[in-house]
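# Structural overview for review
Single-letter residue listing:
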Amino acid sequence: MDRRVWREACALRDAGYRVFVVCPKGNGSAAATYENLDGIQIFRHRTWEASGTAGYLREYVCALIAELYLTIKIFVRTRFQILQACNPPDTIFLIALLLKPFGVRFIFDHHDLSPELFESKFGNRVGLLHTLTQLAEYCSFRVAKVCIATNDSFKEIAMTRGRKLAKDVFVVRNCPDLASLRRLPPLPDAKFGKSLLVAYVGFMGSQDGLHLLLESIDHIIKKEKRQDVHFVLIGAGTELSKLQTWVAQNGLNPFVTFTGQVPYEEVGAYLSGADVGVAPDPKTSMNDKSTMIKILEYMACGLPVVLFDLKEGRRIADSAALYASPNDPIDFADKITTLLDSEELRRKLGDCGRKRVENHLNWASEKATLLEAYETALS
């Protein structure tokens, strides 16, 4: 399900590596326990959607046990040389420690800031669990021979909190692959009967700001009296049912469509019919330092973007976006309206974003750095 990890696996396979993936089955648990997909062997384990402190403890302990079993099973058969861990969880360094005496090198692929993620979910920096997330992150950095960071903010954290040397940290951005994500012929009734379409693509969790987006939509439809725009929200997550209920209770069903999880190949078709892409991730200590792949996907499809004013968001989108005051749904709505009212501005920002992706923010550029990280780990 993680397109970044799949692109990494395919790039390594194409470079001559034998690649094995251990991952959760995901929601529904319908996926096969084992699958050979395009020459990459995938071993899946069961998992649960956690809620609350006890739930997260259970999820992490069960996942670690399953990952340990499957990793040892693969090692006995293959004697692999590199173990790459994509967090969360940040506990896979324990498996790496067990395999280190056998010559296995550990690469920490730092996807999420777990201490900041904990803070955004539970709203505090105190307590045993928060301390454990800090310790696990630190141990992951220290055990790793090489670290992969998703952006410059993550590299700074690896060098400060993780005490890694700059030469051992490689920035591999979560960029779209232009061979698989591009503008396509729009779907039938692409704009759902309206003249304009605003799109959201991504996970729908408590930290992703969908409640702020819905407040913006409510303002646009009811306060600004717009009847010419539809909003399509593509993806799934723990908040989906709550969001659907809120939309129904507030009478917004004629203007909002939830597609649920769709095949990745369909995302380009939805975005090809859209006029604006939105990233409502609120300003938090985690989001401010994170790169949102949806922003790059909008840019790859030539869409102008509206997002809150986040540090890494500005680094990525630059002049391809309009920036709303952090966590202000009314200003976010105003920025959407500004783009809806100006086809020329939409085209200008969309062209800028597409050029940024074509010139350097694409997977063809990033995978060379990934291979360099592996060469360093094996040296």
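Residues numbered from 1 in each chain as written. Predicted model: local features only at pLDDT ≥ 70, side-chain atom pairs only at ≥ 80, totals over all residues. Heavy atoms only, no water.

To continue, consider the overall build of the protein chain. Regarding its fold elements, the protein chain presents 14 helices and 13 strands. A compact globule built from 379 residues should have a C-alpha radius of gyration of about 21 Å, and the protein chain, at 21 Å, falls within 12% of that. Overall, the protein chain is about 65 × 45 × 40 Å in size when its C-alpha atoms are taken along their principal axes. Put simply, the protein chain has 379 residues, and 52% of those count as buried. When contacts within the protein chain are restricted to residue pairs at least 6 apart in sequence, those whose partners lie at least 24 apart make up 68%. Accessible area for the protein chain stands at about 17000 Å²; split by element, carbon and sulfur atoms hold 54% of it. Considering the protein chain, the positive charge centre built from 47 side chains and the negative charge centre built from 45 side chains are found 5 Å apart. (Helix = DSSP H or I, 4+ residues; strand = E, 2+ residues; numbered from the N terminus. Rg over C-alpha atoms; globule rule 2.2 N^0.38 Å. Buried < 20%, exposed > 50% of the residue type's maximum accessible area, 1.4 Å probe, protein only. Contact = heavy atoms within 4.5 Å. Areas by Shrake-Rupley, 256 points an atom, 1.4 Å probe, with all protein chains shown as cover. Lys, Arg positive; Asp, Glu negative; His and termini not counted. Charge placed at Lys NZ, Arg CZ, Asp CG, Glu CD.)

A few words now on the pairing of strand S4 (residues 82-86). Across the five residues of S4, four count as buried, placing the element largely inside the fold. Two strands pair when backbone bridges link them, and S4 and strand S5 (residues 105-110) are joined in this way by five bridges, in the parallel orientation. Paired with Ala 85 across the strands is Phe 108, a residue of S5. (Pairing = 2+ DSSP bridges.)

One can find Phe 108 in strand S5. Expressed as a C-alpha distance, the spacing of Phe 108 and Cys 86, which sit 22 residues apart in the sequence, is 6.6 Å. Apart from residues lying up to four places away in sequence, Phe 108 is in contact with Ala 85, Asn 87, Asp 90, Ser 140, Phe 141, Ala 144, Val 146, Cys 147 and Ile 148.

So, on to the packing of helix H12 (residues 329-340) against helix H13 (residues 343-359). Orientation of H12 relative to H13, taken along the N-to-C sense of each, is 100 degrees, at an axis distance of 6 Å. Comparing their axes, H13 and H12 come out roughly perpendicular. Counting all contacts with H12, which are made through Thr 338, Leu 339 and Leu 340, the residues of H13 involved are Leu 345, Arg 346 and Leu 349. Classifying every residue of the contact of H12 with H13 gives four nonpolar, one polar and one charged. (Axes fitted to C-alpha atoms, helices over the stretch in contact; angles between N-to-C directions. Parallel < 35°, antiparallel > 145°, perpendicular 65-115°, else oblique. Nonpolar A, V, L, I, M, F, W, Y, C, P; charged D, E, K, R; others polar.)

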